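# Structural overview for review
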Amino acid sequence: MSSPSGADAPLLVTQLHALHVELGAKMVPFAGYDMPVQYPSGILTEHLHTRDAAGLFDVSHMGQIRLKAESFAAAAAALERLCPADFQALKPGQQRYSFFTDNQAGILDDLMVTRMGKGDDSDHIFMVVNAGCKDADIAHLKANLNGRCEIEVLADRALVALQGPKAAAVFARLAPASGQLKFMTGTALMAGGFEVIATRSGYTGEDGFEISVANQDAEAFARRLLAEPEVKPIGLGARDSLRLEAGLCLYGNDITEKTNPVEANLVWAMQKRRREEGGFPGAGIVQRQLADGPGRKRVGILPEGKAPARAHTEITDLSGRIIGEITSGGFGPSLGAPVAMGYVESALAVIGTSVNLMVRGKALSAKVAAMPFVPHRYQR
C-alpha cells in the first residue's frame, strides 16, 4: 500500500467507482485515483467489522503485472536483479513479499510476487505493485528487464481484497477450491462463475484473499461478495488503521527510497541465499548493515494516554534529545488506544524503552513496543 499522491492531474477511477458512490462512500484523492475513504457507517465500525467478520476493499488502483521468459527460472533470475528476494526457489502457487531497491539500498516500492502455473517452463510471475509507484515500477522493469522478460501490464483487471476471520468461509461459497490455499499462496480459479486469480494474502493482519478479476466482471463480482451477510464495504481509512495495528509498512511513510531493508526490519523478506550472494541494487550496503548493524531501526510505539502521534512527530529520549521520528500513527480501534511506528536510534530500539513524542509542542510519554499491536491471524 502506498501513501497519497500530491499530483494535480485529473483523478482516475476504478471499475468499482460507481458502486462506491451508490453505497454512499466519501470519496477522496489517493495515489491519483478517486477512492472511498469511508462509507456511512464510519471508519471505526468498518475497522471492527473487518476484525470480526469480513470486509471488502477496492484495491484496483494498484498495478498488476505479468512477467514471462523462456522459463520460470529465467524470469525469476531476471527479477532478482532488481529485488533481494529468492524468487528462483518459489514453488508453483507460492507468493513472496519483496521490494525494489536502488544502488543505495533505498526501497523504491514494495510488492507481492507469485509464481503462477503448474510447475513447468510455462510458469510466469504475477506481480502486484503500489498505485502511487506503478508507472515508475513499470518503467523500471522495462529499463532493466527488456530482452530478458516479456512485461505485460494487466490494465484489463481489477483487484479486490476480502479480509477478516469469516473471509475464507464466504469465499469458499463462491470458490470451493479456495479452501486449499494457505497464507502466501495463489492460483487461478472459478468464483461464482467468474474467472479470477486469488492469493491468500492481504494487508490487514487478518486471514483473507486478494482477488484479481477482469474489469468487465468487477462490479458484478463485488456485488456478489457484498450480497453475503458477513461482508461489508471497507474504505481506505480502515485499511490504514488495520495495517497499522498489524505493524505493516505503508510505502511513502514507513519505507521510502531513504530507508533500507535492514533498518526497516524487513530482513525476513531477504532470503539467506540473496543476503549472502547479493546481486541486487545496494547489496553491499545491506551486507554491511547486516554485519555491523544499522544506525536506526523501525519500531512500534505505544503513546501513553489518548492523544495519537501522527507522521513526522519527533521522538526524543527522556533528556529531550531527538532520536527519531514517527512515520505512521493514529488511533487503533481494536486496542482502543493510539498506536504508531517510526525509526529510532538502534541503541534505543529495545522494547520497553521510554521515549517522548513531541505533539503540538508538548512532550507526551510513550514506550517502544513490539509489533504487531494486534496478533496476525493468517492461515498458514
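The paragraphs below set out a description of the structure included in this document. Owing to the predicted nature of the structure, the values given are computational and were not obtained by experimental measurement. Counting from 1, residues in each chain are numbered in the order their sequence is written. Per-residue local features are limited, in this predicted model, to residues with pLDDT of at least 70; the limit for side-chain atom pairs, both in listing and counting, is 80 or more; totals at the level of whole chains, interfaces and linings are taken over all residues. Each side-chain value is derived from all of the structure's non-hydrogen atoms; neither hydrogens nor water enter the calculation.

### A word on the nonpolar core
By size, the foremost hydrophobic cluster in this structure holds 26 residues, and its most contacted members are Leu 162, Phe 171, Ala 191, Val 196, Ile 211, Phe 221 and Leu 225. Per the convention used, a helix needs a DSSP run of H or I reaching at least four residues, while a strand needs a run of E reaching at least two, with both numbered from the N terminus. When contributions to this core are tallied by element, the ones reaching two or more residues are strand E3 (54-58), strand E9 (157-163), helix H5 (167-174), strand E10 (186-191), strand E11 (194-199), strand E12 (208-214) and helix H6 (215-226). In this description, contact between two residues means that some pair of their heavy atoms is separated by no more than 4.5 Å. Residues contacting Leu 162, with those up to four places away along its chain left out, are Ala 54, Gly 55, Leu 56, Ala 167, Val 170, Phe 171, Asp 207, Gly 208, Phe 209, Ile 211, Leu 225 and Val 231. Counting residues in hydrophobic clusters, the runner-up holds 25 residues, among them Tyr 97, Ile 107, Tyr 203 and Ile 285. To define a nonpolar core, start from buried Ala, Val, Leu, Ile, Met, Phe, Trp, Tyr and Cys residues and group those joined through side-chain atoms within 4.5 Å. Relative accessible area decides the class of each residue, using a 1.4 Å probe on protein chains only: under 20% of the type maximum gives buried, over 50% gives exposed, and in between gives partly exposed.

### A word on the environment of Phe 209
With respect to the helices and strands, Phe 209 occurs in strand E12. For the pair formed by Phe 209 and Ile 197, sequence separation is 12 residues and the distance between their alpha carbons is 9.9 Å. Not counting the four nearest positions on each side in its chain, Phe 209 is found in contact with Val 160, Ala 161, Leu 162, Gln 163, Ala 167, Ala 168, Phe 171, Ser 178, Leu 181, Thr 199, Arg 200 and Ser 201.

### Brief notes about the packing of H5 against H6
Whenever a helix is involved, its axis is fitted only over the stretch in contact; in every case the axis is a line through C-alpha atoms, and angles between N-to-C directions fall within 0 to 180 degrees. Across the interface, H5 lies against H6 with an axial gap of 10 Å and an inter-helix angle of 125°. Overall, the two elements H5 and H6 adopt an arrangement that is oblique. Relative to H6, H5 is oriented so that their crossing is right-handed. Residues Val 170, Phe 171 and Leu 174 of H5 pack against Phe 221, Arg 224 and Leu 225 of H6. Throughout this entry, Asp, Glu, Lys and Arg are counted as charged residues, while Ala, Val, Leu, Ile, Met, Phe, Trp, Tyr, Cys and Pro are counted as nonpolar. The remaining residues, Gly among them, count as polar. In terms of residue class, the contact of H5 with H6 is made up of five nonpolar, no polar and one charged. Here is the rule for angles: anything less than 35 degrees is roughly parallel, anything more than 145 is roughly antiparallel, 65 through 115 is roughly perpendicular, and the remaining ranges are oblique. Working rule for handedness: look at the near helix, and if it is turned counterclockwise from the far one by less than a right angle, call the crossing left-handed; if clockwise, right-handed.

### Examining helix H3 (residues 72-79)
Listed as buried for H3 are Phe 72, Ala 75, Ala 76, Ala 78 and Leu 79. For H3, the angular spread of the buried residues around the axis is 160°, confining them to a single face. Against strand E4 (63-68), strand E5 (95-101), strand E6 (107-116), strand E7 (124-129) and helix H4 (134-145) lie the buried residues of H3. To obtain the arc, one takes the directions from the helix axis to the C-beta atoms.

### As for a nonpolar patch on the surface
Taken together, the side chains of Leu 44, Leu 48 and Phe 331 present a nonpolar region at the surface, about 250 Å² in accessible area. With respect to the helices and strands, the residue Phe 331 is situated in strand E16 (residues 322-332). A relative accessible area of 39% places Phe 331 in the partly exposed class. Surface patches are defined over residues having more than 30% relative accessible area and no salt bridge, joining like charges when they lie within 9 Å and nonpolar side chains (Val, Leu, Ile, Met, Phe, Trp, Tyr) when within 5 Å. For accessible areas, the Shrake-Rupley method is used with a probe of radius 1.4 Å. Any residue's cover is judged against the shown protein chains and nothing else. For salt bridges, the criterion is a side-chain nitrogen of Lys or Arg within 4 Å of an Asp or Glu carboxyl oxygen.

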